[in-house]
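# Commentary on secondary and tertiary structure
Residues per chain are reported as follows:
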Amino acid sequence: MNHQNHENHEHGEKDPRESVFVRLAAGVGDLGNPFYREERQRDVWNEASAVGMQLTLWAGMAAATVMVWIGGSQGFPYALTLMLLLGAISWVVLLYAARLGVHAGSGTRIARWRVVPYLVLLLAFFAGVLHSGVVSGSTGWGATFGVLVGVLAGVLGLRRSRRTAQA
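Parameters at a glance
- Residues numbered from 1 in each chain as written.
- Predicted model: local features only at pLDDT ≥ 70, side-chain atom pairs only at ≥ 80, totals over all residues.
- Heavy atoms only, no water.
- Helix = DSSP H or I, 4+ residues; strand = E, 2+ residues; numbered from the N terminus.
- Buried < 20%, exposed > 50% of the residue type's maximum accessible area, 1.4 Å probe, protein only.
- Areas by Shrake-Rupley, 256 points an atom, 1.4 Å probe, with all protein chains shown as cover.
- Patch = residues over 30% accessible without salt bridge, like charges linked within 9 Å, V, L, I, M, F, W, Y side chains within 5 Å.
- Salt bridge = Lys/Arg side-chain N within 4 Å of Asp/Glu carboxyl O.
- pLDDT = per-residue confidence, 0-100.
- Contact = heavy atoms within 4.5 Å.
- Axes fitted to C-alpha atoms, helices over the stretch in contact; angles between N-to-C directions.
- Parallel < 35°, antiparallel > 145°, perpendicular 65-115°, else oblique.
- Left-handed = near helix turned anticlockwise from the far one by under 90°.
- Nonpolar A, V, L, I, M, F, W, Y, C, P; charged D, E, K, R; others polar.
- Phe/Tyr/Trp six-rings, centres within 6.5 Å; stacked < 30°, edge-to-face > 60°.
- Expected span 1.5 Å × (residues − 1).
- Lys, Arg positive; Asp, Glu negative; His and termini not counted.
- Charge placed at Lys NZ, Arg CZ, Asp CG, Glu CD.
- Core = buried A, V, L, I, M, F, W, Y, C linked by side-chain atoms within 4.5 Å.

### Description of the overall build of the protein chain
Counting secondary structure elements, the protein chain contains five helices and zero strands. Listing every helix and strand of the protein chain by position from the N terminus yields α-α-α-α-α. Residue burial in the protein chain is summarised as follows: out of 167 residues, 21% are buried. Total accessible area on the protein chain stands at roughly 11,500 Å², and carbon and sulfur atoms take up 66% of it.

### Some points on a nonpolar patch on the surface
A grouping of Val66, Trp69 and Ile70 is seen on the molecular surface, where their side chains present a nonpolar patch of about 330 Å² in accessible area. Looking at the element boundaries, Ile70 is found in helix H3 (residues 39-99). Among the residues examined, Ile70 registers a relative accessible area of 72% and is labelled exposed.

### Overview of the confidence of the model for the protein chain
Summarising the model, the protein chain shows a mean pLDDT of 81, and 82% of its residues fall at 70 or more. By mean pLDDT, helix H1 (residues 3-10) is the weakest element of the protein chain at 44, and H3 is the strongest at 92. Counted against residues more than four places away or in other chains, residues 1-10, with its pLDDT under 50, gives 13 contacts.

### Regarding the packing of helix H2 (residues 20-28) against H3
Look at H2 against H3: their axes get within 10 Å of each other, and the N-to-C directions meet at 120°. One element, H2, and the other, H3, form an angle in the oblique class. Where H2 crosses over H3, the handedness of that crossing is left-handed. Judged by residue contacts, Phe21, Val22, Ala25 and Ala26 of H2 engage Val92, Leu95, Tyr96 and Arg99 from H3. Looking at the contact of H2 with H3, its residues break down into seven nonpolar, no polar and one charged.

### Focus: the packing of aromatic side chains
Within the structure shown, the criterion is met by four aromatic pairs. When the ring of Phe35 is compared with that of Tyr36, the centres are 5.4 Å apart and the planes differ by 85°; the resulting orientation is edge-to-face. Accessibility expressed as a relative area gives 32% for Phe35, which makes it partly exposed. A centroid spacing of 5.9 Å and a plane angle of 55° characterise the contact between Trp58 and Tyr118, whose relative ring orientation is tilted. A residue pair is termed long-range when its members are at least 10 positions apart, and Trp58 in helix H3 and Tyr118 in helix H4 (residues 112-132) qualify at 60 residues.

### Some details on unusual backbone geometry
For residues that are not glycine, phi is negative in most cases, and the peptide bond is trans in most cases. Of note, the phi angle at Asp30 is positive, near 55°, even though the residue is not glycine. By the element assignment, Asp30 lies in the loop between H2 and H3.

### Details of H3
For H3, built from 61 residues, the straight-helix expectation of 90 Å at 1.5 Å per residue is missed by more than 12%, its first-to-last C-alpha distance being only 22 Å. In the segment just after H3, Gly101 is the residue with positive phi, at about 85°.

### A closer look at a negative patch on the surface
Taken together, the side chains of Glu38, Glu39, Asp43 and Glu47 make up a negatively charged region of the molecular surface. Along the chain, Asp43 falls in helix H3.

### Brief notes about the nonpolar core
Grouped together as the largest cluster of nonpolar side chains are 14 residues, with contacts concentrated most on Met61, Val68, Met83 and Phe125. When residues no more than four places from it in sequence are discounted, the contact partners of Met83 are Met61, Ala64, Leu122 and Phe125.

### Quick notes on the environment of Tyr36
Structurally, the position occupied by Tyr36 is in the loop between H2 and H3. Look at Tyr36 and you get buried, because its relative accessible area is 15%. Placed 10 residues apart in sequence, Tyr36 and Asn46 show a C-alpha to C-alpha distance of 9.8 Å. Once residues within four sequence positions are removed from consideration, Tyr36 is found in contact with Gly29, Asp30, Leu31, Arg42 and Trp45.

As structure tokens, then:
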């Protein structure tokens with residue numbers, strides 16, 4: 001239990017590790033395994049998992065993009081399913097960390113070069129969706145614009161939360 005969680009627990013606040021979500025996630029990750037007791041092993045494994053997570057996101061987005069460009073409208077349902085799966089897993093990761101008091105982007109600066117591949121793949125995916133004819137031109141362009149506005153709002157939200165945390 002980290003220092004902050006321990007302090008909250010002492011002051012009568014509920015320990016976030018007692019929530020059903022956190023207990024289920026810890027079970028999925030097998031976090032009770034004796035492997036995690038040794039600090040260096042845990043740190044190296046956590047770093048390796050972060051690399052694996054990023055590689056999975058890039059490869060998954062690239063695969064979904066290829067699916068819509070090569071498979072056209074027939075590949076779209078599979079590509080969309082893959083994109084939704086990647087998004088859901090990412091949200092579980094962020095939610096788990098947030099439940100334990102660690103918020104992505106707070107107090108850190110996200111390197112722009114790391115965001116660029118995601119944006120390029122996302123734009124290529126939506127261009128492939130438009131190219132495949134799954135949606136009409138105006139609907140597709142509207143959806144693409146909506147996604148871009150959403151990404152921009154997310155980036156601005158992270159910047160604002162960092163500024164608030166620093167203040």
